[in-house]
Amino acid sequence: MPKYPSLLVISSCTGAKLYKPPNQLVIDDFRKGGEHLRAREQELAEYRTSAKRLYTGAQHQQVSRAFDVLSKSKGVVSRLEIISAGYGLIDQYKFIVPYETSFNELKSREVLDWSKHLGIHEALNARIKSYDIVIFLLGENYLKSALLPLQSRPDQSFIFLASGGSAAILPEHAAKQAVLPLVNKDARRFGYGMVGLKGFLFHQLARAVAEDPEVLHDWHADPQSAVTYLETWQAARTAPTLMSEAEAEASVPPMPVTTGSSIHRTGLGFNPLNLSSEAFYPKAQHELAVPPRARFTVVINNRDKLKLTQDHAGAPLPAPKMERIWNFIETDPRGYLTSLAYHNPNSDPLPQTDEGNIYDCGAWSYKAEPYPILKKRNGPLTPEGTMKLFEEAGAREGRDIIVSPDMMILDGLDSPQVAREKIEISYQFARAMKPLAGAHRLMAVTHGSFEQRHEMMEHYLDLGYRHIALGSLALKSSRDPYFVYRCVEDALQYRAQVPDLYIHVLGVSSIKWAATLTHLGVDSFDGSSMYMSAFTAGSFLQYVPEDPNLLKKYRIVENVPGSDELPPCHCPACSAMRAEGWDTRAQGGTLRDPSGRPYNGGNEANMGRAVHNINMYLRALQDVQARILAGDESLLVKRDRYEAARERRDNLERPMERLLN
């Protein structure tokens, strides 16, 4: 695997937080320190969570999404550190409690004194020495708290996204240095609010790294090239010639957008063969004569709706209508998966499917908590309370699957002791849920190492479970396919002994893994990458039967509303949104705004694109499963990767075995 320059990002805390209890910490609590601070933190223990989750300000949200993008880039080493006016320099995974303290509320002299007390300058020096590229996303007072200059080396690169006033007085460093000054007009220029602009721009840099990690070498050699990238990216976004307001109104559906009057961008290469909509978005190329054993359950949450302002005939509705997205999925799925974390008793129940839906317990939402808890105000989950939530959600006895509350084991973060405690909590719920479930199909979930999953599988079988899911495999599916293969095949061996055993794989759904899981014969699998690619990665999927991967991604952030680079899609979701004036092929783009804005807003276009992505995935899934049933194994996750990973692991384990022996 190639080695890329490592990346450290220094951001700031935000006033907006997930929890703001009336007794949150204030600066005097931090000043008193010691026993007082620990006692006050204990008072707020129910609100303790990671810094990544606690901060909800615009900049932090953008930075968090950027790191989600970076986490998928193989070989890229990246880390986020946050300057907190209460806790000093912390990483995003540090557990903290809510506080109301900001450097922005302090005078210049107070900023310097309090920063010295927190040891921010020393902590920064210790942290940055291990990284090749350091990007600073700090406002004026937070830059002051760093007590610049910092200790650095000529083989490092510093990139500052800073306010205009701060940029003018930044000291030189031994490291190569570049600065992008940001003033109010830049918020308009880049199309994002000033408060979160630095985070938004870093998000664009992260996307560039995800697309081609080689850019890190360029930024390391010359940090100014990162600033140049942002300027070039911004100029390209505003390059198209825009329609007049009258032309824009005339182009709004139901009349189709024509290439003669549309906003267009040339040279992007989205549709080099100039294919029609019918050719660009083909139907599935293979028919499924017999449904395979493995079924894909479409993930759906309570908020997944499309906003409609007119009826099917195009007449205005008295009030906007929020329509559930399953009405825009063109192929009836064999099942849905929803989570109690997003359950609203007043919401429409899921469509009833013959093979049953899956009602998950919402473990992802409390992955950083010490005990299953969906909503703080309602307190920790209990077996009885969980059953009540499943019944309120509409889970049907004998048909739908409900998941016993489990605890996710966080790879690399949970100590062996914490992992053991989480397993025991999962066991407690599994035992208590069994007599309460009645005729419901009750499922338990395994997590952790291979050995821990093996143990949990046998324990659940001993408890009488016949529905078992394999959790926390999504990241492993790309980073360590051997591990996923090994866990799935181990679980399937039990089915030879227990024929009615039902195996579900949570969160693994790429086309290659869909082929592999179908080939292996699991009962079901799910994944939410179609949403993530639409909202976070800004991807618009195309089903391409002749492509080895069947699905092709287009980065819609480079497209504009009404562009003729991508033909209009006529799937139900795209058609509905186009009739509303939204273009799912552009990021938040609306046809009715002649300026082509907003690029980074508009839940309607984003959600419509997510449903479009589901439709494209279902076309590709039908194709790949038909191929698997016909004996075509070309789309499987390659066994040579599996065997190579196993060989590497064996080579690592053998020296340890020799030492132990």
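It should be emphasised that the depicted structure is a prediction, and the values quoted were computed from it without experimental measurement. (Residues numbered from 1 in each chain as written. Predicted model: local features only at pLDDT ≥ 70, side-chain atom pairs only at ≥ 80, totals over all residues. Heavy atoms only, no water.)

### What to know about the side chain of aspartate 406
Then step 1. Take aspartate 406: it is sitting in the loop between strand E14 (401-403) and helix H16 (416-436).
Then step 2. This buried residue, aspartate 406, is left without a salt bridge; arginine 453 holds the nearest opposite charge, at 9.0 Å.
Then step 3. In contact with aspartate 406, other than residues within four places in its own chain, are Cys361, Ala363, Tyr366, Ser426, Val445 and His447. (Helix = DSSP H or I, 4+ residues; strand = E, 2+ residues; numbered from the N terminus. Buried < 20%, exposed > 50% of the residue type's maximum accessible area, 1.4 Å probe, protein only. Lys, Arg positive; Asp, Glu negative; His and termini not counted. Salt bridge = Lys/Arg side-chain N within 4 Å of Asp/Glu carboxyl O. Contact = heavy atoms within 4.5 Å.)

### Regarding empty space enclosed by the protein
Empty space among the atoms can be located by rolling a probe the size of a water molecule over them.
Then step 1. In total, this model carries two cavities of 30 Å³ or more according to the counting rule given.
Then step 2. Considered as a void within the structure, the largest cavity measures approximately 60 Å³ in volume.
Then step 3. When residues in the lining of the largest cavity are grouped by element, the largest group, four residues, is from helix H17 (residues 450-462).
Then step 4. Of the residues contributing to the lining of the largest cavity, the split by class is five nonpolar, two polar and two charged. (1 Å grid on protein atoms, 1.4 Å probe; cavity = no way out; pocket = protein on both sides within 12 Å on 5 of 7 lines; lining within 4 Å. Points joined across faces, edges and corners; volume = space filled by probe spheres on them. Nonpolar A, V, L, I, M, F, W, Y, C, P; charged D, E, K, R; others polar.)

### Here's the deal with the sheet that holds strand E12 (residues 336-339)
Then step 1. Read around the closed barrel, eight strands run E9-E12-E13-E14-E15-E16-E17-E18, paired in parallel fashion. Across the sheet, the axes of successive neighbouring strands diverge by a mean angle of 25°, strand direction being ignored.
Then step 2. Where strand E15 (residues 441-446) meets strand E16 (residues 467-470), four bridges bridge the pair, whose relative direction is parallel. Counted as the bridge partner of threonine 446 is leucine 470 from E16. (Pairing = 2+ DSSP bridges. Axes fitted to C-alpha atoms, helices over the stretch in contact; angles between N-to-C directions.)

### Looking at the packing of helix H22 (residues 572-579) against helix H23 (residues 603-629)
Then step 1. Following both chains from N to C, one finds H22 and H23 inclined at 160°, their axes separated by 8 Å at the closest point. What the angle tells us is that H22 and H23 run roughly antiparallel. Classified by chirality, the crossing of H23 by H22 is left-handed. Contact residues: H22 offers Pro572, Ala573, Cys574 and Met577, while H23 offers Glu604, Gly608, Val611, His612 and Asn615.
Then step 2. A per-class count over the contact of H22 with H23 returns five nonpolar, three polar and one charged. (Parallel < 35°, antiparallel > 145°, perpendicular 65-115°, else oblique. Left-handed = near helix turned anticlockwise from the far one by under 90°.)

### Remarks on the packing of aromatic side chains
Then step 1. Evaluation of the coordinates by the stated rule reveals 22 aromatic pairs.
Then step 2. Residues phenylalanine 30 and tyrosine 87 carry aromatic rings whose centres are separated by 5.1 Å and whose planes lie at 80° to one another, so their mutual orientation is edge-to-face. Note that phenylalanine 30 is positioned in helix H1 (residues 27-32) and tyrosine 87 in the loop between strand E3 (78-84) and strand E4 (88-91), a separation of 57 residues in sequence. Judged on exposure class, the residue phenylalanine 30 and its partner tyrosine 87 are both buried.
Then step 3. When the ring of phenylalanine 296 is compared with that of phenylalanine 525, the centres are 5.6 Å apart and the planes differ by 50°; the resulting orientation is tilted. (Phe/Tyr/Trp six-rings, centres within 6.5 Å; stacked < 30°, edge-to-face > 60°.)

### Quick word on the sheet that holds E4
Then step 1. Reading across from one edge, E4-E3-E1-E6-E7-E8 is the order of the six strands in this open sheet, with mixed pairing throughout. One side of each edge strand has no neighbouring strand; the edge strands of this open sheet are E4 and strand E8 (176-182). On average, each strand axis in the sheet is tilted by 20° relative to the strand beside it, whichever way the strands run.
Then step 2. Bridging between strand E1 (residues 7-12) and strand E6 (residues 133-137) involves four bridges; their strand directions are parallel.

### Brief notes about a negative patch on the surface
Then step 1. On the surface, Asp212, Glu214, Asp218 and Asp222 cluster together to form a negatively charged patch.
Then step 2. For glutamate 214, the location among the structural elements is in the loop between helix H10 (197-211) and helix H11 (215-221).
Then step 3. Residue classification places glutamate 214 among the partly exposed positions, given a relative accessible area of 38%. (Patch = residues over 30% accessible without salt bridge, like charges linked within 9 Å, V, L, I, M, F, W, Y side chains within 5 Å. Areas by Shrake-Rupley, 256 points an atom, 1.4 Å probe, with all protein chains shown as cover. Charge placed at Lys NZ, Arg CZ, Asp CG, Glu CD.)

### Comments concerning the pairing of E15
Then step 1. Most of E15 sits out of view: six of its six residues are buried.
Then step 2. On E15, burial covers both faces: Arg441, Met443 and Val445 on one face and Leu442, Ala444 and Thr446 on the other are all buried.
Then step 3. Of the strand pairs in this sheet, E14 and E15 are connected by three bridges, and their pairing is parallel. Across the sheet, the residue bridging to isoleucine 401 is arginine 441, located in E15.
Then step 4. Remark: the E14/H16/E15 crossover connection has right-handed handedness.
Then step 5. The parallel pair E15 and E16 is bridged by H17, and the resulting crossover is right-handed. (Right-handed = clockwise from strand over helix to strand, strands pointing away.)

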